[in-house]
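Okay, here's what each chain looks like letter by letter:
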Amino acid sequence: MTGSPATSARRAGGTALHEGTPRARTEVLDAAPDVEPDVRADLTAALLRAHRRFAACADPGVLAEELADEVQDAGYGRVLLLEAVARSRHRELQVVASRGEGVPAPGRRTSGADLAATAPTAVVELVAGDPRAPRVAVWGAPTPGSAPLDLLAATAGAAWRAARAAGDAEQAAAELTGVRQLLSGAVRLAGLGSWSWDPATDRIALDDRLRDLLGLDAGEADPDLATWRERVHPDDRGPFTGAHDSATRGSASAPYPFRVRAADGTERTFLGTSVPLATGRPGVVQGLVLDLAPGDRSTGELVRLAQCDSLTGLANRSVLDVRLGEALAAATPASAVALVLLDLDRFKLVNDTLGHQIGDALLCRTAERLQAAAPAGSTLARLGGDEFVLMVPGVDRPEAAAAMARNVIRQLRAPVLLPGLPEPFVCTSSAGVAVGHEGTSDELFRSADMALYRAKDAGRDRVAVYDSAMREDAQARREAEHKVRRALRTDGLRVVWQPIVDLRDERLVAAEALVRLQDPVEGLLEPKSFVDTAEDTGLIVDVDTWVLGEVLRQLCEWRDDGNGLQVSFNVSGKTLEHPAFAHRLAHSVESTGATGSSLLCEVTERTLIDLSTSTRASLGELRSVGARVGLDDFGTGYSSLSYLDRFPLSFLKIDMSFVRPLGTSARAAAVVEALIGLAHAHGMLVTAEGVETREQATMLREMGCDRAQGWLFGRPVAAGLLALGR
């Protein structure tokens, strides 16, 4: 593309002008002190006349013609009003209106390059920055005392925007009317009735179809919510009262059956659903109902599908929500509601290895066992997948709910015979328990889900009960996540550097980059207060990427100062699994000119045990740019020696928990010496962490340890405070 008409006009010697405001128009006139008062008055009158002329144009096409006349009246011999109609290598412009000899007629097309070649005096945008708005190209000179071209265009631009807005609103209204007619026709064809509830009026507006089904007179007033509830069967009032819940949740309800008394006293059964409407009035709910005619053989099946899980026959989430809401409404501190959220351990592995048919059979047998173990008066539901919920009202204390859940878990642990398997199958399960007598269903669900997460995290095949400590932990995690997100958004992360020395002469050879978070309230935070949360939420990928950028920047700065220090930094397993990390790493090293051999990348034992294809590729990318990959905190994880050969490692760091007892424990000394020998046998350099005393350093040197870091040699500090001349 050779350029916009405005740009081309500037290159051709013309002036590209832009939209002005009423204030700008006054400033233009005020900036010309040599203009005679009578001339100034004529200019003002001309602008007011143009404004009235343009404002009277309700159609953009009429406005174009009026503008072209006004500009020609201002003295310009040739006038073109152009619209951009296509974006390509040469922008296409269509002539909307034209005046003068030798100019293209309306409807003709030209290009930005062709326009520039004709060297217009000026090209003016009606609305700056709007690609749809026309532009005025003129040739010649204005008549002295005529209205300035840019102010004429600005005035026309305001009218053009008003005309377009009116046209858009009219088109939107027509489309909305069409959609409403289409939906109304679809509802009538489907035999559906509809209702809506507005909390502002508390009225249930019934359509004609629903009125016919209920035998209501056309002139009968719409009922309020309380009157309507009196018509609904007492056992079914929960679902319809869910209009409140739909408005609160902001999502559609699952289909629910309910019975309602018609005008003649007979009972009709409907299948209903409701959804909050996106209107200007908050809380408005729209509902549809399907008449389940008596004697229709499909009625029973529709009711069953609306209330039950199709695989196990247990209640579904819709029924559970209703009964849980009713139970919470009737609960007291001495008679609370227990919610047990349960799922099968490693169920995905069952589907992946034995097939979905076996998985479905296991779910059905699990449902049967849960029904046998569920207390009387409880509600058992399947949420989907391998998630089940047991809701028990009338619980007096959390310990009783926990004992009941442990009994359920114990029964599910028993071997089960499944079709297609030659021997009994054992599948354990985990459960989270929450007990409450107030609050909402969603709050109780969140509490049970948090407890289930704790049970899974503790090793599965167990029960966890939600308590205040769990609530405080969840709050702390939410706050930590907020701090990390804010730090990433506001440049609140920091890197400090801890010296790593060669134990032979205690010369500084490397520094470990340690991330900190600068909180505006709590100050500089250690990794233990936010790294685990960053790992759980996936934010660790952004944190590691930021740290890598700082590492490369500092390496280049040290290199420019003639310092050849290596930099050690931690990379999370989640970061290594990210598909873009390896590419970012290679690109960053190449673009900064950093020396790859100066990078020491530390990974955990967990990363090597779960060595996925993407993780292996990222580690390979690290090695391809010359970086060394090593094992951090050796001994604190699984300490399996077999995985040391799964990936070629360059160094190993002995965790401080092994280093700290040196000098006081012969057993610790034997373990550290064995670890050093093991690492050297694998060709790895050894760094000891947490060295705090001269005795520890001496013992490590005698054992053949290569490097050390710890408070004895320096605490983590800013890069400028490192003793680089050490």
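Here the residue numbers are simple positions, counted from 1 along each chain's written sequence. Totals for whole chains, interfaces and linings use every residue, but because this is a predicted model, local features are given only for residues with pLDDT of at least 70 and side-chain atom pairs only at 80 or more, for both listing and counting. Side-chain measures were taken over the full set of non-hydrogen atoms in the model, leaving aside hydrogen atoms and water.

(A) Representation of the sheet that holds strand β14 (residues 387-395) within the structure. Pairing within the open sheet is mixed, and its five strands lie in the order β13-β14-β12-β15-β16. On the outer flanks of this sheet lie β13 (379-384) and β16 (463-465), each paired with one strand and no other. Within the sheet, the average angular offset between the axes of one strand and its neighbour, ignoring direction, is 20 degrees. When DSSP locates at least two bridges between a pair of strands, those strands are taken to pair. Every helix listed is a DSSP run of H or I at least four residues long, and every strand listed is a run of E at least two residues long, numbered separately from the N terminus. Judged from the eight bridges that link them, strand β12 (residues 336-344) and strand β15 (residues 429-436) form a sheet pairing that is antiparallel. By the bridge assignment for β15, Val-340 is matched with Val-433. Contacts between helix α15 (residues 398-412) and the sheet are confined to β12, β14, β15 and β16, with β15 contributing the most and set at about 160 degrees to the helix. Comment: axis = line fitted to C-alpha atoms, over the contacting stretch for helices; angle = value between 0 and 180 degrees taken between N-to-C directions. Every residue pair with non-hydrogen atoms within 4.5 Å of one another is taken to be in contact.

(B) Looking closely at the packing of aromatic side chains. The aromatic pairing rule takes the rings of Phe, Tyr and Trp, using the six-membered ring of Trp, and pairs them if the centres are within 6.5 Å, calling planes under 30 degrees apart stacked, those over 60 edge-to-face and the rest tilted. Scanning all chains against the criterion turns up one aromatic pair. The ring of Phe-445 has Arg-317 lying over it, and the distance from NZ or CZ to the ring centre is 4.1 Å. A cation over an aromatic ring shows up here: Arg-715 above the ring of Trp-711, its NZ or CZ 3.5 Å from the ring centre. In our convention, an over-ring charge means Lys NZ or Arg CZ found within 6 Å of a ring centre and within 35 degrees of that ring's normal.

(C) Structural context of the layout of surface pockets. If you add up the space inside the largest pocket, you get close to 1500 Å³. In this structure, the largest pocket is lined by 45 residues; those nearest its centre are Val-531, Asn-570, Thr-604, Asp-632 and Asp-633. Counting only elements with at least two residues in the lining of the largest pocket, the list comes to β18 (507-519), α18 (531-537), α19 (540-560), α20 (573-577), β21 (599-603), α22 (605-609) and β22 (628-634). Per-element tally for the lining of the largest pocket: the top contributor is β18, with five residues. The class makeup of the residues in the lining of the largest pocket is 14 nonpolar, twelve polar and 19 charged. Every definition here rests on a 1 Å grid over the protein atoms only: cavities are sets of points where a 1.4 Å probe fits but cannot get out, pockets are open sets enclosed by protein on both sides within 12 Å along at least five of seven lines, and lining residues have some atom within 4 Å of a point. Grid points are joined across faces, edges and corners, and a volume is the space filled by probe spheres set on the points. Under the scheme applied here, ten amino acids are nonpolar (Ala, Val, Leu, Ile, Met, Phe, Trp, Tyr, Cys and Pro), four are charged (Asp, Glu, Lys and Arg), and all others, including Gly, are polar.

(D) Structural detail: the packing of helix α25 (residues 666-681) against helix α26 (residues 694-703). Close contact between α25 and α26 brings their axes to 10 Å; oriented N to C, the two are set at 45 degrees. As far as their axial angle goes, α26 and α25 are oblique. Judged by the sense of rotation from one axis to the other, the crossing of α25 with α26 is right-handed. Residue-level inspection shows Ala-669, Val-672, Glu-673 and Ile-676 of α25 in contact with α26, the latter providing Met-699, Leu-700 and Met-703. In terms of residue class, the contact of α25 with α26 is built from six nonpolar, no polar and one charged. Should an angle lie under 35 degrees it is considered roughly parallel, over 145 roughly antiparallel, and from 65 to 115 roughly perpendicular; all remaining angles are considered oblique. Note on convention: near helix rotated counterclockwise from far helix by under a right angle means a left-handed crossing. Clockwise means right-handed.

(E) Examining the pairing of β13 more closely. Two elements, β13 and β14, share five bridges in a ladder whose sense is antiparallel. Bridging from a neighbouring strand, Gly-384 pairs with Glu-387 of β14. Joining the antiparallel neighbours β13 and β14 is a turn of two residues, in which Gly-385 adopts a positive phi near 60 degrees.

(F) Examining empty space enclosed by the protein more closely. A complete count under the given rule lists two cavities of 30 Å³ or more for this structure. Of the voids in this model, the largest cavity is the one considered here, and its volume is about 80 Å³. As for the largest cavity, its lining consists of Leu-344, Leu-362, Arg-365, Thr-366, Arg-369, Leu-412, Ala-414, Val-416, Phe-425, Val-426 and Cys-427. Considered class by class, the residues forming the lining of the largest cavity number eight nonpolar, one polar and two charged. When its volume is computed, the second largest cavity comes out at roughly 40 Å³. Looking at the second largest cavity, the residues that line it are Val-340, Leu-342, Leu-370, Leu-380, Phe-388, Val-389, Leu-390 and Val-408.

(G) How the structure looks around unusual backbone geometry. Here Arg-346, not a glycine, exhibits a phi torsion of approximately 55 degrees, which is positive. Position of Arg-346 among the secondary structure elements: in the loop between β12 and α13 (347-354). For Asp-491, which is not glycine, the phi torsion reads 60 degrees and is therefore positive. Looking at where Asp-491 falls in the secondary structure, it is placed in the loop between α17 (468-490) and β17 (493-502).

(H) Broad picture of α25. The terminal C-alpha atoms of α25 lie 23 Å apart, and with 16 residues this matches the ideal 22 Å at 1.5 Å per residue to within 8%. Here α25 has its buried residues at Ala-668, Ala-669, Val-672, Leu-675, Ile-676 and Ala-679. Burial along α25 is one-sided: seen end-on, the buried residues are contained in an arc of 130 degrees. More than 90 degrees from the buried face of α25, the exposed residues found are Ala-666, Arg-667 and Ala-681. On its buried side, α25 packs onto β22, β23 (651-654), α24 (656-659), β24 (685-688) and α26. Count one or two residues on from α25 and you reach Gly-683, which has phi positive near 75 degrees. Helix span, as expected, comes to 1.5 Å for every residue beyond the first. For every residue, the accessible area (1.4 Å probe, protein chains only) is compared with the maximum for its type, and the residue is labelled buried under 20%, exposed over 50%, or partly exposed between those bounds. Think of the arc as the fan of directions from the helix axis to the C-beta atoms.

(I) How the structure looks around the pattern of salt bridges. The term salt bridge refers to a side-chain nitrogen of Lys or Arg lying within 4 Å of a carboxyl oxygen of Asp or Glu. In this structure the tally under the stated criterion is 33 salt bridges. A salt bridge links Glu-65 to Arg-99; its shortest N-O distance comes to 2.7 Å. With Glu-65 in helix α4 (residues 60-73) and Arg-99 in strand β3 (residues 92-99), this residue pair connects regions lying 34 residues apart in the sequence. Look at Glu-65 and you get partly exposed, because its relative accessible area is 31%. Where Asp-473 meets Arg-477, a salt bridge forms, and the shortest distance between an N and an O atom there is 3.4 Å. Of this pair, Asp-473 and Arg-477 both sit in helix α17, four residues apart, which is roughly one turn of that helix. Where salt bridges share partners, they join Arg-53, Glu-65, Glu-66, Asp-69, Glu-70 and Arg-99 into one cluster.

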